[in-house]
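Next come the chains, spelled out residue by residue.
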Amino acid sequence: MAIEPVVVHAIINGEYVPTENRYPRENPSNPSEIVGYGPLNTREETIRAIDAAEKAFHTWKNTALDERIERMQRAIQKIKVQTPELAQLLSREHGKALYDSHGEFAVSLMWMEHACNTVKDVLKDNVQEHGNGRTIITNDPIGVVSAITPWNYPISLSTIKIAPALLAGNTMVFKPSPFAPLAVSLVAKIIADEFPPGVLNMVHGEAEVGVELTSNPKVGKIAFTGGTKTATSIMKAAADTIKHMTLELGGNDAAIVLSDFDVNDERAMRRMVISNFLTAGQICMIAKRVYVHQSIYDKFIEKYIETANKWIRVGDPFNPNVTVGAVNNPGQVKYVQSLVEEAKKRGGNVTPLGTILDPELFEKGYFLQPTLVTNVDYNDPIVVEEQFGPTVPILPFTDDEHAISLANDSIYGLTSSVWGETEHALKVARRIEAGTTMINTAAVQGLDVRFPFGGVKQSGIGREYGAEGLKAYVETHVINIPKNPELPYIPE
Ligand code: NAD
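Residues numbered from 1 in each chain as written. Predicted model: local features only at pLDDT ≥ 70, side-chain atom pairs only at ≥ 80, totals over all residues. Heavy atoms only, no water.

Draft legend 1. Representation of the overall build of the chain within the structure. For the chain, the count of helices and strands is 15 helices and 23 strands. A compact globule built from 492 residues should have a C-alpha radius of gyration of about 23 Å, and the chain, at 24 Å, falls within 12% of that. The buried share among the 492 residues of the chain stands at 57%. In the chain, once contacts between residues fewer than 6 apart in sequence are set aside, the share between residues at least 24 apart is 74%. When the accessible surface of the chain is split by element, carbon and sulfur atoms take 53% of a total near 20600 Å². (Helix = DSSP H or I, 4+ residues; strand = E, 2+ residues; numbered from the N terminus. Rg over C-alpha atoms; globule rule 2.2 N^0.38 Å. Buried < 20%, exposed > 50% of the residue type's maximum accessible area, 1.4 Å probe, protein only. Contact = heavy atoms within 4.5 Å. Areas by Shrake-Rupley, 256 points an atom, 1.4 Å probe, with all protein chains shown as cover.)

Draft legend 2. Inspection of the side chain of His 293 at higher detail. Along the chain, His 293 turns up in strand S14 (residues 287-293). His 293 has contacts with Val 257, Leu 258, Ser 259, Phe 397, Thr 398 and Asp 399, leaving out every residue within four places of it along the chain.

Draft legend 3. Highlighting the sheet that holds strand S19 (residues 391-397). The mixed open sheet is built from 7 strands, whose spatial order is S16-S18-S19-S14-S13-S20-S21. For this open sheet the edge positions go to strand S16 (349-352) and strand S21 (436-439), each flanked by a neighbour on one side alone. In this sheet, neighbouring strand axes are inclined to one another by 20 degrees on average, regardless of whether the strands run parallel or antiparallel. The pairing of strand S13 (residues 253-257) with S14 spans 5 bridges and is classified as parallel. When the sheet's bridge partners are listed, Val 257 is paired in S14 with Val 292. Its contacts with the sheet place helix H13 (residues 400-408) against S13, S14 and S19, and it is angled at close to 145 degrees to S19. On the sheet, helix H14 (residues 422-429) packs against S13, strand S20 (415-419) and S21 and is oriented at approximately 165 degrees with respect to S21. (Pairing = 2+ DSSP bridges. Axes fitted to C-alpha atoms, helices over the stretch in contact; angles between N-to-C directions.)

Draft legend 4. Up close: the sheet that holds strand S1 (residues 6-7). Strands sit in the order S1-S5-S4 across an open sheet of 3 strands; the sheet is mixed. The sheet is open, and its two borders are formed by S1 and strand S4 (22-27), each paired with just one other strand. Against the sheet, helix H5 (residues 182-193) makes contact with S1, S4 and strand S5 (30-39), and its axis sits at roughly 30 degrees relative to S5, the strand it touches most.

Draft legend 5. Main features of the domain arrangement of the chain. Under the domain assignment used here, the chain contains domain 1 (6-249 + 455-478) and domain 2 (254-446). If you average the C-alpha positions of domain 1 and of domain 2, the two centres end up 30 Å apart. The partner domain 2 presents 31 residues to the 30 residues of domain 1 that form the contact. Summing both partners gives a buried area of about 2400 Å² for domain 1 against domain 2, and 57% of it is carried by carbon and sulfur. Among the residues domain 1 hides against domain 2, the three largest losses belong to Ser 29, Trp 151 and Lys 457. Together they make up 23% of the total. Connecting domain 1 to domain 2 are 1 salt bridge. Two residues, Glu 433 and Lys 457, come together in a salt bridge whose shortest N-O distance is 2.7 Å. (Domains from an automatic or database assignment. Buried area = accessible area lost by both parts, 1.4 Å probe. Salt bridge = Lys/Arg side-chain N within 4 Å of Asp/Glu carboxyl O.)

Draft legend 6. A look at a nonpolar patch on the surface. Taken together, the side chains of Leu 487, Tyr 489 and Ile 490 define a hydrophobic patch exposed on the protein surface, amounting to about 360 Å² of accessible area. Its location among the elements puts Leu 487 in the segment after strand S23 (474-482). Leu 487 sits in the partly exposed class, given a relative accessible area of 47%. (Patch = residues over 30% accessible without salt bridge, like charges linked within 9 Å, V, L, I, M, F, W, Y side chains within 5 Å.)

Draft legend 7. Region of the structure containing the pairing of strand S12 (residues 244-248). Of all 5 residues in S12, 4 are buried, a share of seventy percent or more. With 5 bridges connecting them, strand S11 (residues 219-225) and S12 associate as parallel partners. Across the sheet, residue Lys 221 finds its bridge partner in S12, namely His 244. For the handedness criterion, the β-α-β arrangement of S11, helix H7 (residues 228-239) and S12 is classed as right-handed. As paired strands, S12 and strand S22 (residues 460-461) are joined by 2 bridges and run antiparallel to one another. In the sheet register, Leu 247 faces S22, and the bridge partner there is Ile 461. (Right-handed = clockwise from strand over helix to strand, strands pointing away.)

Draft legend 8. Seen up close, the packing of aromatic side chains. Within the structure shown, the criterion is met by 7 aromatic pairs. Centroid distance Trp 151 to Phe 388: 5.5 Å. Interplanar angle 75 degrees. Geometry classified as edge-to-face. In this pair, Trp 151 sits in the loop between strand S8 (144-148) and helix H4 (154-167) while Phe 388 sits in the loop between helix H12 (381-384) and S19, placing the two residues 237 residues apart along the sequence. Taken together through their ring pairs, the aromatic side chains of Phe 261, Phe 300, Tyr 304 and Trp 419 make up a single cluster. In this structure, Arg 68 is placed above the aromatic ring of Trp 60, and the distance from its NZ or CZ to the ring centre is 5.9 Å. The ring centre of Tyr 473 lies 4.7 Å from the NZ or CZ of Lys 221, which sits over that ring. (Phe/Tyr/Trp six-rings, centres within 6.5 Å; stacked < 30°, edge-to-face > 60°. Lys NZ or Arg CZ within 6 Å of the ring centre and 35° of its normal.)

Draft legend 9. Inspection of the pairing of strand S18 (residues 371-374) at higher detail. Here S18 shows a buried face lined by Thr 371 and Val 373 and a second buried face lined by Leu 372 and Thr 374. One ladder, built from 3 bridges, connects S18 with S19; its direction is parallel. If you follow Leu 372 over to S19, its bridge partner there is Val 392.

Draft legend 10. The site of the ligand, seen in detail. Surrounding the ligand, one finds 26 residues, the nearest of these being Thr 149, Gly 227, Thr 230, Leu 249 and Glu 386. A distance of 2.6 Å separates an oxygen atom of the ligand from a polar atom in the side chain of Thr 230. Within the contact set of the ligand, an oxygen atom lies 2.5 Å away from a side-chain nitrogen or oxygen of Glu 386. Alone, the ligand offers 850 Å² of accessible surface; in the complex the protein occludes 83% of this. Elements supplying a minimum of two residues to the shell around the ligand: S11 and H7. Class assignment of the residues belonging to the shell around the ligand gives a composition of 13 nonpolar, 10 polar and 3 charged. (Near = heavy atom within 4 Å. Polar contact = N/O pair within 3.5 Å; in protein donor to acceptor, adjacent residues only side chain to side chain. Nonpolar A, V, L, I, M, F, W, Y, C, P; charged D, E, K, R; others polar.)

Pasting the structure below:
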């Protein structure tokens, strides 16, 4: 039975704004099925949304924190109730397996709740009585925030911004990615409906919308997650009006497997495989290149293939046996295929992994069979580029120094992982250039919303999650009440 397409609209000043111009979003597992439509908003509509956010800010910034928390808690409860339907919609428009969509909702809600529970403590005034009187340091909201997000984790990467920004007293205009616009727009609507008009606005669209969101003088901050190249354009657009920025960008996360890693530890090997292929490898923080000590390399590869063949079952996101769904879009399929093909031409060995559960569906949809690539140079594009799909190169290293230099030889530094005896792994971990390094696990398996997340080098600027993820939406405001307000060295 065909399911009715879901039609979402822009939200401007508390109202759903129907648009004639719209774009379709297809189902990546079955591209002839249109899952829904998003609006193609214009520059004028974007300006209206920014103006509404700016107007709302003057009142919203003065509301009591208790009220903001209460409103956010109500939205959280409504999202919770609707999660089963929303997760299904996310899988249909995104291509990821249903358990994976549920996981995304669980993490998003966990963060929103954590933000509500900690915001009072994190943003409270810091009052200091000292030799020269009293100083009060307050955390003031910045103003209008433009939030721009990618398609791979649309719910997490939007709520990671919306919750702290609104709790801190900012208003927002949010733009989701056209490659997974539907479930996140319904989530944004649930949240927007719990807040006064103009506090949370949403527009969809292409370059002109993005450019307005990042250059409009009324926007005080940009919270962006996406590709490093896009971030370059955003920084340029924002430069003229010196905007605050949090940038969560690409990564090429290294996993280092030390000589004392136990290749017979089946759970650890399973965690490794998951850290390469969850969400068909389309996660910024997936382990995208694996370096294994030469003394255990052959055994590791043998066990890895064995484990991957057990865990990877590619197919319909709604089949409960499926662990790896479709790739999100044909561009991504082509890009990953070309990296693998080119590596093969240069002498790389390509091993297909796992089972394709439904070959007919596989042919129809944007599916890729996961692959392991070996026998490639350290500087092969499949090793140095962010492949963002279901393939992983595994290469040997000679000693710890070699592994550390391979891991750090990258323009990126998002997350990383070290696998082996804990103290040994910790020593190596301290020397990795990354925002997060996990020991004996990787990717979202080691993610904890209580602690800051973000990248170094070209993987980004700033942090989300944790106390830093709340402080990213405030300005420090120092109020000084000196006992001796005159400086002694200034002449009468
Ligand atoms: P993308 O950069 O192509 O798009 C991200 C968003 O930016 C989309 O909403 C897009 O419409 C918008 N956009 C495009 N051009 C713009 C412009 N000139 N001005 C303003 N907005 C513009 O990224 P993508 O393909 O959607 O996502 C994949 C990338 O995101 C990968 O590189 C991945 O590593 C990265 N990512 C990073 C994190 C992180 O936390 N560091 C998390 C998830 C994804």
